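# Examination of the molecular architecture
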Amino acid sequence: MGCMRILLPTIALILLGCSKQRQNLDYPTKIAEIEQITLSRPDEESNGKFEKLKDLTYEQRVVLLRVLNEAKPIGPTKFIPDYYIVFETTTNKIRRIRVHGNIIKGYDSDFSYEIDSPDFLEEF
């Protein structure tokens, strides 16, 4: 019985710590909250003046949410983003995730995650 008193609070702290780290990504977690998802990359030929955009289909949105929910935390990192994932919500909020290869991080945080990139992200 004494072990349970120590074990349960420890497990609760670990779970709370994981959820706080996930908040660094700041993206809508439910498909119903999403109006549109766009991949945005500064165009190298125009020296960043124009951007290349790709809107994701409904099926790609579902896959992306699954991939983001399964992201593995790797800690703070610095990188120059290859492109951004831009979420437009049904409440007219804009949220962004920075992407470099298969590493992602929130727009306002350096805490990074590793993802299993689906084909549509690798081809962008």
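As a starting point, this report considers the structure included with it.

In total, this model carries six salt bridges according to the counting rule given. When the shortest N-O distance is used, the salt bridge between Arg95 and Asp26 registers 3.7 Å. In this pair, Arg95 sits in strand 5 (residues 94-100) while Asp26 sits in the loop between helix 1 (2-23) and strand 1 (34-42), placing the two residues 69 residues apart along the sequence. You can call Asp26 partly exposed: its relative accessible area is 43%. A salt bridge links Asp110 to Lys78, with the shortest nitrogen-to-oxygen separation between them at 2.7 Å. Taken together, the residues Asp110 in the loop between strand 6 (103-106) and strand 7 (111-114) and Lys78 in the loop between strand 3 (72-76) and strand 4 (83-89) connect sequence positions 32 residues apart. For Lys78, a relative accessible area of 71% gives the class exposed. Overlapping salt bridges, with partners in common, bring together Lys78, Arg98, Lys105 and Asp110 in one network.

Owing to its 3.6 residues per turn, the α-helix brings residues three or four apart onto one side. A rise of 1.5 Å per residue sets the reference length of helix 2 (residues 58-69), with its 12 residues, at 16 Å; its end C-alpha atoms lie 17 Å apart and thus fit the reference within 8%. Within helix 2, burial applies to Gln60, Arg61, Leu64, Leu65, Val67 and Leu68. One side of helix 2 holds all its buried residues, which, seen down the axis, span an arc of 160°.

This part is about the sheet that holds strand 4. Here seven strands make up an open sheet; going across it, the order is 2-1-4-5-6-7-3 and the pairing antiparallel. Only two strands of the sheet have a single neighbouring strand rather than two, namely strand 2 (51-55) and strand 3. Put simply, the sheet's adjacent strands are angled 30° from each other on average, direction ignored. The pairing of strand 5 with strand 6 spans four bridges and is classified as antiparallel. Residue Ile97 lies in a different strand from strand 6, and its bridge partner there is Gly106. Packed on one face of the sheet, helix 2 meets strand 1, strand 2, strand 4, strand 5 and strand 6 and runs near 80° to strand 1.

Take the pairing of strand 7 next. Both strand 3 and strand 7 contribute to a ladder of four bridges, which runs antiparallel. Looking across to strand 7, one finds that Pro73 is bridged to Tyr113. Across three bridges, the pairing between strand 6 and strand 7 is antiparallel. Note that in strand 7 the partner of Ile103 across the bridge is Glu114. What sits between the antiparallel neighbours strand 6 and strand 7 is a turn of four residues.

The rules behind these values
- Residues numbered from 1 in each chain as written.
- Predicted model: local features only at pLDDT ≥ 70, side-chain atom pairs only at ≥ 80, totals over all residues.
- Heavy atoms only, no water.
- Salt bridge = Lys/Arg side-chain N within 4 Å of Asp/Glu carboxyl O.
- Helix = DSSP H or I, 4+ residues; strand = E, 2+ residues; numbered from the N terminus.
- Buried < 20%, exposed > 50% of the residue type's maximum accessible area, 1.4 Å probe, protein only.
- Expected span 1.5 Å × (residues − 1).
- Arc of directions from axis to C-beta.
- Pairing = 2+ DSSP bridges.
- Axes fitted to C-alpha atoms, helices over the stretch in contact; angles between N-to-C directions.
- Contact = heavy atoms within 4.5 Å.

The values reported here are purely geometric and, on their own, carry no functional implication.
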